[in-house]
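Commentary on secondary and tertiary structure
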Amino acid sequence: MSVKLDTAPSEFLSALGVLRGVPTPPNLSLEEIQAPFGVAPYAASLTGEVLRKNRTQDIDDILAHGSFTVFYSPTEVPEWESKFRIVTIVRADIDNEMGVDPLINDVSRAWLNESLTVAQAGFDNLRGTVTQVLSQSFAGNDPHDQESQPEIRCAWSPRPRS
């Protein structure tokens, strides 16, 4: 999570230290990337992939990918009701049958809430969208396989731990 350490406030640096200390499972690949500009004075971003070993081809299949950004303002931002804001984008491959299920958006939102709760990540002001992407590639007149991917874009204000 690249950030100018010499000018960043200690509150922001402390939060980054906590995030850097979280253990990651071996099938999660993370990389620091340039954070978006203009949203807040300080920001740090990661991109990541959830991988599964493909036993037939000796390569890793990407099951899901996304980004995680922490924004920080030294003064509380009224829309955030906080000095911090977390923004994530996650897209995952799912079974096509699940992809056309009319409840997939509700299930995706429930999964997000459950994941934050299980992680004991206190949060306020949760906002977002769930988009269902159904695609089918082709070559000439020949259709290829269909793919189904829900995409969750969300943001929340982390609640300080007591």
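Anything mentioned here points back to the structure above.
In this text, all values refer to a predicted model and were calculated from it rather than measured experimentally.

What follows concerns the pairing of strand β4 (residues 82-92). Here 10 bridges tie strand β3 (residues 59-77) to β4, and the two strands are oriented antiparallel to one another. Counterpart to S67 in the pairing with β4 is I89. In sequence, β3 turns back onto β4 through a hairpin of 4 residues, with E81 there showing a positive phi of about 55°.

A few words on the environment of S148. Tracing the backbone shows S148 in strand β6 (residues 142-158). The spacing of S148 and I62 is 86 residues in sequence and 14 Å in space, taken between C-alpha atoms. If we ignore the near neighbours within four places in the chain, the residues touching S148 are A92, D93, I94, D95, N96, G99, Q132, V133 and L134.

With that out of the way, let us pick up the pattern of salt bridges. The tally for this structure, following the rule as stated, stands at 6 salt bridges. A salt bridge links D61 to R52; its shortest N-O distance comes to 3.8 Å. With a relative accessible area of 47%, R52 lands in the partly exposed category.

All told, the structure shown has 4 aromatic pairs when counted by the stated rule. Between Y42 and Y72, the ring centres sit 6.3 Å apart and the planes meet at 50°, which makes this aromatic pair tilted. Placement of Y42 in strand β2 (residues 42-54) and of Y72 in strand β3 is noted, with a sequence separation of 30 residues between them. On the basis of relative accessible area, Y72 is assigned to the buried category, the value being 2%. With centroids separated by 4.7 Å and ring planes inclined at 50°, the aromatic side chains of Y72 and F84 adopt a geometry described as tilted. Taken as a pair, Y72 in strand β3 and F84 in strand β4 lie far apart in primary sequence, 12 residues in all. As far as burial versus exposure is concerned, Y72 and F84 are alike and both buried. Through successive ring pairs, a cluster of aromatic residues spans F12, Y42, Y72 and F84.

It is worth spelling out the side chain of T88 at this point. Looking at the secondary structure, you find T88 in strand β4. For T88, a relative accessible area of 8% gives the class buried. The contact partners of T88, leaving out residues within four places of it in the chain, are S67, F68, I152, R153, C154 and W156.

Thresholds applied
Residues numbered from 1 in each chain as written. Predicted model: local features only at pLDDT ≥ 70, side-chain atom pairs only at ≥ 80, totals over all residues. Heavy atoms only, no water. Pairing = 2+ DSSP bridges. Helix = DSSP H or I, 4+ residues; strand = E, 2+ residues; numbered from the N terminus. Contact = heavy atoms within 4.5 Å. Salt bridge = Lys/Arg side-chain N within 4 Å of Asp/Glu carboxyl O. Buried < 20%, exposed > 50% of the residue type's maximum accessible area, 1.4 Å probe, protein only. Phe/Tyr/Trp six-rings, centres within 6.5 Å; stacked < 30°, edge-to-face > 60°.

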